[in-house]
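Structural characterization, general
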Amino acid sequence: MLLRLSRHRLRSRILLFLALSFLSWILLPYDNGLVLLVRWHFGHVSHALAASDAWMRKPPAFPLGTADVGLIVKTGFSTQERLVARLETLGKARDRSNVVLVGDYATGQRTHFKHNGAEMPVYNALAYMVDSGSLASRPNALRLQHYRNLTNAISGGETDLARYISSLEIGYKVMPDKKWYVLSDDDSYPLDASLEVILGNLNPLRPYYIGNAIGNYQARFAHGGSAVVFSQAALYRIFVRNTGVVSRAHLESLDSNRGDKLIATTAMKSGIYLEERYSRYFNGEPPRLTRIRPDRFCAPVTSFHNLSPSQMHDVGKVFKSAAKAISWVDIWKIYTAPNFENFLETPTRSDWDHVGVLDDGTMNTTSTPDVATKEACLNICLRHDSTCLAWTWEAGSKACYTKPWLIVGSSSKGKFSGINAKRAMALSRKCR
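A brief structural summary. Treat the numbers as computed from the prediction; the structure is a model and nothing was measured.

**Remarks on the overall build of the protein chain**
Within the protein chain, the regular secondary structure consists of 16 helices and 17 strands. Considering only contacts in the protein chain between residues 6 or more positions apart, those separated by 24 or more positions represent 72%. For the protein chain, the exposed surface amounts to about 21,200 Å²; the carbon and sulfur share of it is 54%.

This is the structure in structure tokens:
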């Protein structure tokens, strides 16, 4: 009898604990640390289980037309040359009805940019925030003073006001009827065909926020340079239903140096979290430096970043007319790198580098000193078959570097480089 009572009490306490935990979860603020920690761990498990791209091979559940995706380009007074190149590489389907330019200045009459013969004004993000009244409580903020005098702003290096939130808001207000909104920098190139494949499988009436995930669990955000995507439902929730949160974000932008991070915290306060399942489709590098990882070989890539005006024109020539989604491994083929099979017969490229930046903050470079020959460096890569896709040997320093990904790369005097050909071939076969 006593045993039965104690079991009943234990069961009751467990149920009470679960009920209280559930209530706490519901009542806690969206950006509470405990909520974010649980979401972080749950997200890693669920995303690992749903890593397949098979869903994208089916007909899109929510097909998109050319006017369904709005592009918001964030620019600046000192980067107008980049903006000119960006507009010159826009696809023919893009016109002024689905592109909005936002900067730290505004163009006047007869100074608007042009695309396809139509004038494209630049909207002033700061003026927008001032006119909205969001900054009224801090009229003497340092950045605000600098922006009142554009010359001082440029010479003082203060041109990087966190304009992401205001750019997104302006884009939404100017193009209120789009299903999806893509926010990118003027040195970024979103790949429309790849984006359409992904977005065509997502319901825009659900609050989606997607992009290249970086940061820790307390502030997980989409890297702005890789392009940031919001659904119509997400922006409605943020800019229509949570105007107080947006006003506070405008104030925070006066001090913030990470506008893309501020977007995430603003979205979280509105109950919208970054969907990390789609993170691996976004890329923050130019094509030749794009890290082609094992888990992304066959997946579509949606963006390039950090492009100079000449690189932007080159990328535009290559991808402007792309009718199909571009996969990560397609970049290798498009930029005429040798076939993977060629490395079986000729394993080394002289004066080349397939590894790329060594100190990129990812801790993924394996460095081995005092390696006598390039053949020995190749063998180091092959001995670590599961973690090495590319290797580079420096003749001068005798250092061997390996990476778990590969890049198309470029000419690099005094370096000898190659790839783990058999592994690359096996990964590529999965794309068929």
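Here the narrative resumes.
**Considerations on the pattern of salt bridges**
Following the criterion strictly, the structure yields 13 salt bridges and no others. A salt bridge links K74 to D185, with the nearest nitrogen and oxygen atoms 3.7 Å apart. Here K74 is found in strand β1 (residues 69–74), whereas its partner D185 is found in strand β6 (residues 180–185), with 111 residues between them in sequence. Side by side, K74 and D185 carry an identical accessibility label, which is buried. The salt bridge involving K415 is made with D353; its shortest N-O contact spans 3.8 Å. Of this pair, K415 sits in strand β17 (residues 410–419) while D353 is found in strand β13 (residues 349–353), placing the two residues 62 residues apart along the sequence. The exposure class of D353 is buried, given its relative accessible area of 10%. Bridged by salt links that share partners, the residues R82, D186 and D187 form one connected network.

**Regarding the sheet that holds strand β15 (residues 390–394)**
One open sheet accounts for five strands, arranged β13-β17-β15-β16-β14; its pairing is antiparallel. Each edge of the sheet is formed by a strand with only one pairing partner; in this case those strands are β13 and β14 (366–368). Here the average twist between neighbouring strands, direction ignored, is 40°. Pairing between β14 and strand β16 (residues 400–403): three bridges, direction antiparallel. In the sheet register, T368 faces β16, and the bridge partner there is C400. Across the sheet, helix α15 (residues 374–383) is in contact with β14, β15, β16 and β17; its angle to β15 comes to roughly 150°.

**Brief notes about the nonpolar core**
Grouped together as the largest cluster of nonpolar side chains are 56 residues, with contacts concentrated most on W332, F340 and L406. Put simply, the parts of the chain that give this core at least two residues each are β1, α3 (80–88), β2 (99–103), β6, α8 (192–199), α12 (309–319), α13 (328–334) and α16 (421–429). In terms of domain composition, this core takes at least three residues from each of domain 1 (66–320) and domain 2 (337–430). With sequence-adjacent residues up to four places away left out, W332 is seen in contact with I292, A337, P338, F340, F343, H354, L406, I407, V408 and I419. Of all hydrophobic cores here, the second largest spans 30 residues; its members include Y164, L183, F221 and L235.

**Quick look at the state of the cysteines**
In total, this model carries three disulfides according to the counting rule given. With its sulfur 2.0 Å from that of its partner, C377 forms a disulfide with C400. The sign of the 80° torsion about the S-S bond sets the C377-C400 disulfide as right-handed. Remark: C400 occurs in strand β16 and C377 occurs in helix α15; sequence separation between them is 23 residues. Side by side, C377 and C400 carry an identical accessibility label, which is buried. A sulfur-sulfur distance of 2.0 Å marks the disulfide that ties C381 to C388. Note on the C381 and C388 pair: the S-S dihedral is about -100°, so by sign convention the disulfide is left-handed.

**Some words on the sheet that holds strand β8 (residues 209–211)**
Pairing is mixed in the open sheet, where six strands are placed in the order β5-β2-β1-β6-β11-β8. With partners counted over all chains shown, the strands left at the sheet margins are β5 (122–124) and β8, one partner each. The average undirected angle you get between the axes of adjacent strands in this sheet is 25°. On top of the sheet, helix α11 (residues 259–269) reaches β6, β8 and β11 (228–231); it is set at about 155° to β8, its chief contact.

**Regarding the environment of A395**
Examined against the element boundaries, A395 turns out to sit in the loop between β15 and β16. Classification of A395 as partly exposed rests on a relative accessible area of 28%. Taking the C-alpha atoms as reference, A395 lies 5.8 Å from G414; in sequence the two are 19 residues apart. Here A395 is in contact with G414 and F416, once residues within four sequence places are set aside.

Rules of the game
Residues numbered from 1 in each chain as written. Predicted model: local features only at pLDDT ≥ 70, side-chain atom pairs only at ≥ 80, totals over all residues. Heavy atoms only, no water. Helix = DSSP H or I, 4+ residues; strand = E, 2+ residues; numbered from the N terminus. Contact = heavy atoms within 4.5 Å. Areas by Shrake-Rupley, 256 points an atom, 1.4 Å probe, with all protein chains shown as cover. Salt bridge = Lys/Arg side-chain N within 4 Å of Asp/Glu carboxyl O. Buried < 20%, exposed > 50% of the residue type's maximum accessible area, 1.4 Å probe, protein only. Pairing = 2+ DSSP bridges. Axes fitted to C-alpha atoms, helices over the stretch in contact; angles between N-to-C directions. Core = buried A, V, L, I, M, F, W, Y, C linked by side-chain atoms within 4.5 Å. Domains from an automatic or database assignment. Disulfide = S-S within 2.5 Å.

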